[in-house]
Amino acid sequence: MRRNRNRKTNTDSIFPLKIDELKKIIKDKFEKNPDLTFNTYEQNNKKIAVFFISYQTDPDKVENFLLEPLLKIDKEWTGPTIKNEIPLSPAATANKLEDILRNLIIGEAFVYVEDEDAAISYALIHKEKRQVSKPENETVVLGPQIAFTESLITNLNVVRWSLRSTDLVLEKILIGKRAPREVRLIYMKSIANETHVNTMRQRLQDLDVDEIEDSNVLSQYIEDSSSTIFPQFYTTELPDRFCYTVGKGRIGVLVENSPTGILAPSTLFSFLESTEDLYMRWNMGSFLRILRFVAMFISVILTPLYVAAVTYHYELIPPRELITLGQSRAVVPFPPIIEALILEFLIELLREAGARLPTKVGQTIGIVGGVIIGQAVVQAGLTSSILIIVIAMSALASFTAPSYLMGTTIRVIRFPMIFLAGMFGLIGIIYGICFLIIHLLKIKSLGEPYLAPVYPFRWADLNKALYRAPYAYQYKRFLSFRPKDLLRFKKREAIKKHDIDE
Amino acid sequence: MKNTLLGMLVLLMVLLTGCVQPKPIEELGIINTRGVDIMENDKIETTLVFLKFNSRDQNISKTITGVGNTIKNARNKANFKSNFQLTPGQIRLEIYGKTTAEKGLLRYLDTLIRDARVSDTMYLTVSATTANEIITSTQNQESGMNIGKFLHDLIERNIKDDTIPRVTLQDFVHMFYDKGQDPYLPILSIKDDAPAITAMAIFQGDKLVGQISLDETLLLNLYNKTFNVAPLEISLPQKPFDKFQRKSNQDGHAEDNFYIVMTVINGESKTKMVDVQNLKFQTNINLDVSLLELTEDINIKNPKVIKLFEKEIEKDIKQQYEKLLSKLQEMNADPFGYGNIYRTKKPSGNLTDSDWRDKFPTIKVDFKVNVRILHHGTTP
Amino acid sequence: MDVNVTIKENIRIRAFYLFFIIVSIQIGVGLLGAPMYIFTEARQDSWISIIIALVYLLLVLFVMFRILNQYENADILGIQVDVFGKWIGKALGTLYIVHITIALLSVLVTYIEVVQIFIFPELSSLIIGFLLLSLIIYGVLGGIRVVIGIVFIIFFLTHWLLFLLYEPVMRMDMTHFQPMFHASIIELFKGAKATSYTFMGFEILFFLYPFIQNKGKAKFPVYLGACWSAGIVLINTVIAIGYFSPHQLEHLEWSVLSLYKIVTFPFVERFDYIFVAVWMMVVLTTMMLLMWAITYGLKRLYKIPQKTTLYLTSFILLVICGFISYHYLVIALTDQVARIGFWITYVYPFLLLPLVLLKKRFRKNKKGSEGK
């Protein structure tokens, strides 16, 4: 009677029960699943069950630290004694079936003594993981040559070592109804803007999905606008970039089993900013950053300009170029817009083929595409040789974007621009540019304007977005995102100007 | 959703129907040079040099003629003879026949100014005979030569060298509409089977009235703009330099004059009106020159010699200017633009054409030339 | 309707943006033709006319600020209702918005004409109109903050065009300015009046004022903006006078555009084409601000949703600009806008100010007597 009442008050608990019953329950859940190891031992007339999934646990640890003491020590085992005597930590107790099943899957080993109130579990997790390696997608010349791996633990470890501060918060959120996955919300609690943290937390917690595949997928679930072509969160595989950004007051998100971290809020300019700018001296860093802006502009504008000039505005072309351009155009049977589209398409094919194929073959594709096909296309009279140069230049320019996502965006934008140029000439190009400006102004990243600090205009932030000032002058954090603590350090004496011979 | 779909549909329709007629360059005959001649029956004959782009043919320039009542009409007539659409957007040079220029250029300028497609930087020239002759002069020679480009570069180089004044459409129109100044254009004629600049045509209003030599053109140019590097050749009398001659001429003094060539490093002029009532002007011309070549061996180490040189050169240039002015006064054309200065001095600020035509022949100008020889090369 | 408006914190704007707003709305299609109109009146002393116009402009702005500062957070529509009562106030407000709509139309039509003359003679007005209006709709849908963002960014994207004027500057003829101080006072004032179409548009301040975050700092950017745009008009006029001969300039419709005809670069032969295309951005900012004022004004007056007005106005404008294709119609429209606009923007504030002050005193007295 009393037991019954007990059971009623604690409805979810399946214990106490006989080992056989337990075995049946567990085995039922793992139907047709040969991986569950369920061993029963008898020690001092007490039945003890030890069960785990063999490849999810570390077999050495199970044998040496769990089974050996358990069977060697001659004792009457009960729950508390096991906890005390077995030289493993930490021991957890579980009495709900869901808990047991969930932890079983991620590699905990369970010990249950017959008729006890709870099972004891040890996290003897065995997780296969890749060693940290060099970054593949965001390569840098200077700076740490390390990339995130698929293991969240490793990633957290790397992040913690970079930001050794008690300020660093790593909130744990589980996302996914059917197959939950651990997601960490990472920020500096004394710097990060409260609103950003709350918004991000809210978005993560409110996510009602069955599962998330990757952090890139997650970032698409939580971004502000899904209709735009522009990425709104920076996804990086570089721990130094991740830590730098988090350290300056933004928010990072790491997802289990994903080698990329999400950074939010991001601006358009952060996509064109490489960590290398920071490691370079400020003048070179500024130069490279401005170079990238110019490259993006060229990439979007160059082919459409060619199309517009050749289709409508022959007056624009200087006399000398006119002859070269005209002669190379004369052989081509298509209108300029078709010509440009064919070649752009070809370049995109090459890029995609190069990315899909194994590295060694991929390089060959580059040579085959660049040299042989390019040559053949011109000789066959399908495109003009000038256009080859134009397209190659704009493709090259688009590859300078540090973020692969942004590079792709830029390349895709080119197609509507070519169409507009082919239809309305210069007017079409300007139309496209105006449309882009308006569009960019409307985009928000985590509720913050995408074009900050240019609009809304913040003079103090320009040195972090458009160019790079010497570090002595970068004593403020990013004002546009209103961090809790604006000043990084006191305006140093170094800034003070000295007179000659002082 | 329905709205967006509808919007997309409208957009698509507009875009599909709204395309502008494309003009890809390979389908165009891009006119590069245009010659305008007036014919006896008052019709206009245009000679067009245009670029056509053809994969097979190396010779991209072609010449075509058309006759019509207006320039546009003549072009359309010419277009019947060509499989390319002739377009005026890249005209770099326009040549007028001599008789055409004498009858007045105003009617041809109108089409150039009105058409927004036509460039303001094109050059205008006058042919010593007919425009057609200049353009077709080289046709029998080298087949690959692009006559339009050749003529354009010929004029451009001379302008860059400061040997002739700038003669773009804009300059001509500007001078033409300024009441106190008359325009000028270079004259092309055929020398040794090839076109060359031989003189400068002086206009009275839009009508050609006379011409001045290229040496005189240099003076005109020196008056109108600031010089940087331009060669200047002057003949000086031998006599004053006799005593500085390094080795006496064995043959005796065969010639009375000798020549010196110098580069004008910096030349500028300033004109002011000293007496409004009597139409008296004073023009100061300052020249910083560097000696390049002497036909006589004279020792110029001596500062006195330099001073002497300067004085003689000044005298000579002053004379040349006075000669040029009287020549122009005879033509009653004022390319110097003294009328502009006169206008600014008039209380009403207005100057009518006829007013200045009456007054220009009577103006007096005091040319003050100031020459400084800064360098004389490596040999003293 | 309430006289004062409460604006949500997140759509307020900082005062310094007013500089860009004033410049953008004043510099538009008006500038392209301005030198000719001013020159016909004041000849070589046109620059004095522009300075006179600027002084008057500053005076009007000062009066506008006086009017606005009498209220807590009001715009012109609210003030008119307060001063004239509900019916007359609303009627005047409607008139104001009609004026803005016609101004918007004239800008649209003029730019379409410029494109047709300089780039695409065969492109139909409907399509250029459609392109422009689609951008306007897209921009205004983003609200005032997006509109101001566009104004701000385009300011920087277009001002480099001024540097290209060095080429015509080199070819200026200084004798065109002499004899100086030749024009009579009447001519100078006529010249100043000729700038009215160019400088029009600053009445947007009457609508935008409640949106300003820090009103204490609003004056300086506005005055500076007026000076800046007057400076641009001045520069262009002076260069045009020096560059063209007087007779030529009198008959040159788009003189500023013609200035760019001689600008060439090794990589671009003709800059006037680029100029016309880039000018689309400049015109766009003007039109967006006007369009925003229309939608916002109608919402204030009649509570019509801004989206409805936006789509409807755009549609009507598109239809109209399809019909206006004769040059003389465009000119007539511009003249009409200039004439009516002159009274509404340059004279009306002077009439309104005493009324506003009277009303305020009256209200104070009433309060005072009630207090006793």
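Now for a look at the structure at hand. (Residues numbered from 1 in each chain as written. Chains lettered and ligands numbered in written order. Predicted model: local features only at pLDDT ≥ 70, side-chain atom pairs only at ≥ 80, totals over all residues. Heavy atoms only, no water.)

**Observations regarding the interface of chain A and chain C**
At the junction of the two partners, chain A supplies 28 residues and chain C supplies 39 residues. Interface area lost by chain A to chain C is led by I427, Y431 and Y455 of chain A, which between them contribute 23%. Across the chain A-chain C interface, the total number found is zero salt bridges. Counting across the interface, chain A meets chain C through nine residue pairs in polar contact (both at pLDDT 80 or more). At the level of elements, α12 (319-330) and α16 (404-442) of chain A are the ones that each hand at least two residues to the side of chain A that touches chain C. Per element, the largest residue contribution to the side of chain A that touches chain C is 14 residues, and it comes from α16 of chain A. (Contact = heavy atoms within 4.5 Å. Buried area = accessible area lost by both parts, 1.4 Å probe. Salt bridge = Lys/Arg side-chain N within 4 Å of Asp/Glu carboxyl O. Polar contact = N/O pair within 3.5 Å; in protein donor to acceptor, adjacent residues only side chain to side chain. Helix = DSSP H or I, 4+ residues; strand = E, 2+ residues; numbered from the N terminus.)

**Looking at the pattern of salt bridges**
Counted according to the given criterion, the structure contains 46 salt bridges over all chains. Linking R92 of chain B and E269 of chain C is a salt bridge whose minimum nitrogen-to-oxygen distance equals 3.4 Å. You can see R92 of chain B sitting in the loop between β4 (85-87) and β5 (93-96) and its partner E269 of chain C sitting in the loop between α14 (255-259) and α15 (271-302), one on each of two chains. The same class applies to R92 of chain B as to E269 of chain C, namely buried. A salt bridge links E322 of chain B to K318 of chain B, with the nearest nitrogen and oxygen atoms 3.5 Å apart. You can see E322 of chain B and its partner K318 of chain B sitting in helix α9 (residues 303-331), four residues apart, about one turn around the helix. The class of E322 of chain B is partly exposed, set by a relative accessible area of 34%. The structure contains a network of salt bridges with shared partners spanning E348, R351, E352, R356 and R411 of chain A. (Buried < 20%, exposed > 50% of the residue type's maximum accessible area, 1.4 Å probe, protein only.)

**Quick notes on the pairing of β5 of chain B**
Within a regular strand, side chains alternate between the sheet's two faces. Residue and element names in this part refer to chain B. Residues L93 and I95 point to one face of β5 and E94 and Y96 to the other, with burial holding for every one of them. Of the strand pairs in this sheet, strand β1 (residues 28-38) and β5 are connected by four bridges, and their pairing is parallel. Bridged to T33 within β5 is L93. When β5 meets strand β6 (residues 123-127), the two strands line up parallel, connected through four bridges. Following the sheet pairing, Y96 is matched in β6 by V126. (Pairing = 2+ DSSP bridges.)

**As for the packing of aromatic side chains**
In the structure shown here, the tally under the stated rule is 60 aromatic pairs over all chains. Their ring planes at 35° and their centres at 5.9 Å tell us that Y56 of chain C and F350 of chain C sit as a pair that is tilted. Placement of Y56 of chain C in helix α3 (residues 46-69) and of F350 of chain C in helix α17 (residues 327-371) is noted, with a sequence separation of 294 residues between them. Among the aromatic residues, those joined into a ring-pair cluster are Y455, F457 and W459 of chain A together with F16, Y17, F19, F20, F152, F155, F156 and W228 of chain C. Sitting above the plane of the W87 of chain C ring, K86 of chain C keeps its charged end 5.7 Å from the centroid. Of note, K215 of chain C hangs over the ring of Y209 of chain C, and the distance from its end group to the ring centre comes to 5.6 Å. (Phe/Tyr/Trp six-rings, centres within 6.5 Å; stacked < 30°, edge-to-face > 60°. Lys NZ or Arg CZ within 6 Å of the ring centre and 35° of its normal.)

**Some remarks on the nonpolar core**
Formed by 241 residues in total, the largest nonpolar core has its most connected members in I21, Y111, F207 and W279 of chain C. With 24 residues, the top contributor of residues to this core is α15 of chain C. Apart from residues no more than four positions distant in its own chain, I21 of chain C is found in contact with I13, I148, V151, I204, L208 and L289 of chain C. Of all hydrophobic cores here, the second largest spans 104 residues; its members include L185, A199, L232 and Y342 of chain B. (Core = buried A, V, L, I, M, F, W, Y, C linked by side-chain atoms within 4.5 Å.)

**So, the interface of chain A and chain B**
Contacts between the two partners involve 20 residues from chain A, matched on the other side by 27 residues from chain B. For the chain A and chain B pair, buried surface summed over both sides reaches about 2100 Å², with 67% attributable to carbon and sulfur atoms. The interface formed by chain A and chain B includes one salt bridge. Our enumeration of links across chain A and chain B arrives at seven residue pairs in polar contact (both at pLDDT 80 or more). Residue contributions to the side of chain A that touches chain B peak at nine residues, all from α12 of chain A.

**So, the sheet that holds strand β3 (residues 91-94) of chain A**
In a beta sheet, neighbouring strands are held together by backbone hydrogen bonds and run either parallel or antiparallel to one another. Residue and element names in this part refer to chain A. In spatial order, the strands read β1-β2-β4-β5-β3; together these five strands make up an open sheet with antiparallel pairing. Strand pairing shows two members of the sheet lacking a second neighbour, β1 (36-43) and β3, which therefore form its edges. Taken pair by pair, the neighbouring strands of this sheet meet at an average axis angle of 25°, ignoring direction. Pairing of strand β4 (residues 108-113) with strand β5 (residues 119-123), which is carried by four bridges, proceeds in the antiparallel orientation. Paired with E108 across the two strands is A123, which belongs to β5. (Axes fitted to C-alpha atoms, helices over the stretch in contact; angles between N-to-C directions.)

**Here's the deal with a positive patch on the surface**
Taken together, the side chains of R66, K219, K360, R361 and K364 of chain C present a region of like positive charge at the surface. Sort the elements by how many residues they give to the positive patch and α17 of chain C lands first, with three residues. (Patch = residues over 30% accessible without salt bridge, like charges linked within 9 Å, V, L, I, M, F, W, Y side chains within 5 Å. Areas by Shrake-Rupley, 256 points an atom, 1.4 Å probe, with all protein chains shown as cover. Lys, Arg positive; Asp, Glu negative; His and termini not counted. Charge placed at Lys NZ, Arg CZ, Asp CG, Glu CD.)

**Topic: helix α4 (residues 76-84) of chain C**
Residue and element names in this part refer to chain C. Of all nine residues making up α4, eight are buried, and the element is well covered by its neighbours. Three or more residues of α4 are buried, namely I76, L77, G78, I79, Q80, V81, D82 and V83. Positive backbone phi, approximately 90°, marks G85, located one or two places after α4.

**So, the pairing of strand β9 (residues 251-255) of chain A**
Residues and elements named next belong to chain A. Along β9, five of the five residues are buried, which leaves the element largely enclosed by surrounding structure. Residues of β9 alternate between two faces, with I251, V253 and V255 on one and G252 and L254 on the opposite face, all of them buried. Bridge count between β9 and strand β10 (residues 261-264): four bridges; the pairing is antiparallel. Across the sheet, V253 pairs through a bridge with I262, a residue of β10. Joining the antiparallel neighbours β9 and β10 is a turn of five residues, in which N257 adopts a positive phi near 65°.

**Remarks on the sheet that holds strand β12 (residues 280-294) of chain B**
All names here are of chain B. Pairing in this open sheet of four strands is mixed, and the strands run β10-β11-β12-β13 from one edge to the other. Edge strands, defined here as strands with exactly one partner in the open sheet, are β10 (230-237) and β13 (364-375). Neighbour-to-neighbour, the strand axes of the sheet open up by a mean angle of 40°, direction not taken into account. Pairing of β10 with strand β11 (residues 257-275) involves eight bridges; the strand directions are antiparallel. The partner of L232 across the bridge, within β11, is M262. Lying over the sheet, helix α8 (residues 214-224) contacts β10, β11 and β12, oriented at roughly 45° with respect to β11. Sheet strands in contact with helix α10 (residues 338-345) are β11, β12 and β13, and its direction is about 20° off that of β11.

**Some details on helix α2 (residues 29-42) of chain C**
All names here are of chain C. For α2, with 14 residues, the first-to-last C-alpha span of 21 Å sits near the 20 Å given by 1.5 Å per residue. The largest bend along α2 reaches roughly 35° and is located at P35. Counting buried positions over the 14 residues of α2 gives 11, a clear majority of the element. For α2, every residue scored as buried is listed here: V29, G30, L31, L32, G33, A34, P35, M36, I38, F39 and A42. (Expected span 1.5 Å × (residues − 1). Bend = angle between axes of the 7 residues up to and from the residue.)

**Observations concerning the packing of helix α15 (residues 385-398) of chain A against α16 of chain A**
Residues and elements named next belong to chain A. Between α15 and α16, whose axes approach to 9 Å, the crossing angle comes to 150°. As judged from the angle between their axes, α15 and α16 are roughly antiparallel. Within the contact between the two elements, α15 uses S394, A395 and S398 and α16 uses G407, I410, R411 and R414. A class-by-class count of the residues in the contact of α15 with α16 yields two nonpolar, three polar and two charged. (Parallel < 35°, antiparallel > 145°, perpendicular 65-115°, else oblique. Nonpolar A, V, L, I, M, F, W, Y, C, P; charged D, E, K, R; others polar.)

**Considering the side chain of H313 of chain A**
With respect to the secondary-structure elements, H313 of chain A resides in the loop between α11 (282-311) and α12. Ignoring any residue separated from it by four or fewer positions in sequence, one finds H313 of chain A in contact with A308, G425 and L426 of chain A together with I119, F120 and Y273 of chain C.

**Brief notes about the packing of helix α5 (residues 86-118) of chain C against helix α6 (residues 125-141) of chain C**
All names here are of chain C. Look at α5 against α6: their axes get within 10 Å of each other, and the N-to-C directions meet at 125°. On the basis of the axis angle, α5 is oblique to α6. In this structure, α5 meets α6 at a crossing whose hand is right-handed. Residues L108, Y111, I112, V115 and Q116 of α5 lie in contact with α6, whose contacting residues are S125, I128, G129, L132 and L133. (Left-handed = near helix turned anticlockwise from the far one by under 90°.)

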